[in-house]
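Structure assessment
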Amino acid sequence: MLTVAGASGAAALAGCMGGSGSEDGTFVNAYTGNPADLHFNTSGIQNYRWPAGRSVFAPFMKYSFGEDEFLLGALDDLQVEEEEVTLTFRDDLTWDDGDEWTTEDLDVQLELAEMSGSSLWGYLEDYEIVDDKTARLILSGPTNPRILKFELTNFLVDTKADVHEQFLDQDVSEFLQWAWEDPVASGAFSFVSKDQQAFEFERNPEFYNADNVNIETFLIESYGGNTAQHQALMSGTDVDGSPSLFAPSEIVDQFPDHVVEVQIPAKWGYGIVFNHDDPHFGQRAVRQAVAHVINRQELVDNAGPRSKFVTPSPCGIAPKDQEYWLDDWQGDFETYGADEKQTDEATQLLEDAGYSLEDGTWQDSSGDTIGGEYYSPAGWTDWTTMSQTVVSQLNDFGFDFSVSTKPTNDWFNQYSNSNFAMGSLYWLPGGSRSSFPYFPLRYQLWDEEIGGGHNYREKAQSEQTIPGRDGGEMSVTPLDTVDQIAQQPNDEEARPYVQEAAWHNHIELPFLGLVSKHEQSWVTDDEWSIADEDSPNRQVKWPQFWWPHEGELQYDG
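Let me begin by describing the structure that accompanies this report. (Residues numbered from 1 in each chain as written. Predicted model: local features only at pLDDT ≥ 70, side-chain atom pairs only at ≥ 80, totals over all residues. Heavy atoms only, no water.)

On to a negative patch on the surface, then. On the surface, Glu82, Glu83, Glu111, Glu114, Glu125 and Asp126 cluster together into a negatively charged patch. Of all elements in the fold, only helix 3 (103–115) and strand 6 (124–131) reach the threshold of two or more residues within the negative patch. Along the chain, glutamate 114 turns up in helix 3. Its relative accessible area of 45% is what places glutamate 114 among the partly exposed residues. (Patch = residues over 30% accessible without salt bridge, like charges linked within 9 Å, V, L, I, M, F, W, Y side chains within 5 Å. Areas by Shrake-Rupley, 256 points an atom, 1.4 Å probe, with all protein chains shown as cover. Salt bridge = Lys/Arg side-chain N within 4 Å of Asp/Glu carboxyl O. Lys, Arg positive; Asp, Glu negative; His and termini not counted. Charge placed at Lys NZ, Arg CZ, Asp CG, Glu CD. Helix = DSSP H or I, 4+ residues; strand = E, 2+ residues; numbered from the N terminus. Buried < 20%, exposed > 50% of the residue type's maximum accessible area, 1.4 Å probe, protein only.)

Here we come to the packing of helix 15 (residues 438–446) against helix 17 (residues 478–486). Relative to each other, helix 15 and helix 17 sit at 155°, their axes nearing to 9 Å. In terms of orientation, helix 15 and helix 17 fall into the roughly antiparallel class. Taken as a pair, helix 15 and helix 17 cross one another with a handedness that is left-handed. Between helix 15 and helix 17, the contacting residues are Tyr438, Leu441, Arg442, Leu445 and Trp446 on the first element and Pro478, Leu479, Val482, Asp483, Ile485 and Ala486 on the second. Of the residues that constitute the contact of helix 15 with helix 17, the class distribution is 9 nonpolar, no polar and 2 charged. (Axes fitted to C-alpha atoms, helices over the stretch in contact; angles between N-to-C directions. Parallel < 35°, antiparallel > 145°, perpendicular 65-115°, else oblique. Left-handed = near helix turned anticlockwise from the far one by under 90°. Contact = heavy atoms within 4.5 Å. Nonpolar A, V, L, I, M, F, W, Y, C, P; charged D, E, K, R; others polar.)

Moving on: the sheet that holds strand 13 (residues 270–274). The strand order across the open sheet formed by 3 strands is 19-13-22, and the pairing between neighbours is antiparallel. Of all the strands in the sheet, just strand 19 (422–426) and strand 22 (511–513) have a single pairing partner and so form its edges. Between one strand axis and the next, the sheet turns by 30° as a mean value, whatever way the strands run. Those strands touched by helix 14 (residues 408–416) are strand 13 and strand 19, and its axis lies near 120° from that of strand 19. (Pairing = 2+ DSSP bridges.)

This part takes up the nonpolar core. By size, the foremost hydrophobic cluster in this structure holds 106 residues, and its most contacted members are Phe40, Phe60, Phe89, Phe201 and Tyr438. Here this core gets 6 residues from one element, more than from any other, and that element is helix 18 (residues 491–508). Setting aside residues up to four positions removed in sequence, tyrosine 438 forms contacts with Tyr123, Ile147, Val482, Asp483, Ile485 and Ala486. Membership of the second largest hydrophobic core comes to 52 residues, among which are Val310, Val391, Tyr415 and Ala421. (Core = buried A, V, L, I, M, F, W, Y, C linked by side-chain atoms within 4.5 Å.)

In this section: the sheet that holds strand 5 (residues 84–89). Ordered in space as 4-5-7-6, the 4 strands form an open sheet in which the pairing is antiparallel. Of all strands in the sheet, those with a lone pairing partner are strand 4 (75–80) and strand 6, marking the two edges. Direction aside, neighbouring strands of the sheet carry axes that sit 15° apart on average. For strand 5 and strand 7 (residues 134–139), the ladder comprises 5 bridges, and the chain directions are antiparallel. Its bridge partner lying in strand 7, leucine 87 is registered against alanine 135. On the sheet, helix 3 packs against strand 5, strand 6 and strand 7 and is oriented at approximately 170° with respect to strand 6. Those strands touched by helix 4 (residues 145–153) are strand 4, strand 5 and strand 7, and its axis lies near 155° from that of strand 4.

Taken as a whole, the second largest pocket spans an internal volume of roughly 180 Å³. Tyr63, Phe65, Asp68, Arg146, Lys267, Asp321, Tyr324, Trp325, Ser435, Phe436 and Asp491 are the residues that line the second largest pocket. For the lining of the second largest pocket, the residue count by class is 5 nonpolar, 1 polar and 5 charged. (1 Å grid on protein atoms, 1.4 Å probe; cavity = no way out; pocket = protein on both sides within 12 Å on 5 of 7 lines; lining within 4 Å. Points joined across faces, edges and corners; volume = space filled by probe spheres on them.)

This part takes up helix 15. The buried count for helix 15 comes to 9 of 9 residues, which makes it a mostly enclosed element. Of the residues making up helix 15, those classed as buried are Tyr438, Phe439, Pro440, Leu441, Arg442, Tyr443, Gln444, Leu445 and Trp446. Of the surrounding secondary structure, the elements contacted by the buried residues of helix 15 are helix 4, strand 19, helix 16 (457–460), helix 17, helix 18 and strand 22. Two residues or fewer past helix 15, aspartate 447 is found with a positive phi of approximately 45°.

What follows is the structure in structure tokens.
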């Protein structure tokens, strides 16, 4: 048994209040993105944005980074056994149109999850509905209980049978392309309207924890990037918080005292994705040379040491988890120089691979230079700084890159369409699941988020020969090894597979992990009571959405 701890309307409202509306119980979030272009279909990821979805949909469960503890939301009980998982939902779980939530809704949700390739179905053979509030997931084999719990933290009560069942008999593409504009809510807030300026929500009286919520109006206002959000927080009156916003020390020093920073482990961060079909970056030696050239500490120093830190070894495991999982293997891992440029090592690798330095630029035997456009997301100021630092370091060594910033959707599309050589991309999938090595290690091999556009999937399923720890060689089929992690009942039995998978990762470098960070989330406490620092809810993603659930973000004006 799981252990549980304790459209135009929005713009007009925001405008008449001059931004922050806490005087009448209105909470204003700053966020980047045009609400008019966004929707509430959580499976249609291209134009779905999580802050709006988390406003209206209740989570199955959450994870506290501070307590290493799983907290129940819409679930009343969770039992994980060797061959099955029993989900029991709250009796008072309802939709904001007054309909009771039942496992008929879950039935449709699980069918659509299977159709759309949800990672949960990688562990399931089937499921059965027990009664109106209980369902049983039948596992396909032994599965680590923590994996299943982390998977369930990604599930929201976002599927209403009479709305979604229309897609069961259609091609899955119809469901994935569907823009749900008028959602039926199960969470703390109900949708009111959206336009180019803001999403507007109101308190949902049907929510099972409605007594915890005294926020009458909840706004997510559109800002044009990090700088605009910084200015809004500096004003002291324009906004009440920002779910996720990078702010360096010199900016934080300008915030009023009532702006509170909540740091949460991100298990996410800046890295490099390679196109493994590229004639240069498809070669292990070139990827390793890139790793040796980049001084990771310089990226942190330039882009924000307040919240960022280097990864000790690029090996597919979150930095602060490496010591625990690698154990006595850790000293054998190549660091590639976390705080230095190892140009001698990089030079040797390229020369051994048949490259030569001609007029200051590395070329292959055909005279082709190593380089191209290096893509980075526009508006992500810290990422722009790190991309410029990476390209400067590589070009100083003799590569030929130029930074190309693109809107987020276009940035993703370059990778999904394999239209790149090498570029910036997060190397950990993020969220609580990245605390367990299976998820980031598998993500780097498979990368569902860009549809495998880095072209490593075929290699991941093939037997490879790589250098071993003892100086000899070892054979490994990477995906098989990673999948073995998921099948172990506990950490000790999973560790040998984690070590082998990480060893392969740090040699092959399907991705290059450079930097990770703490998330910076922002709330104000001049007119709002917020979660205490020792609360198990303090380090749950995200304060603006989970704290109202628990009654720990309330208007005190």
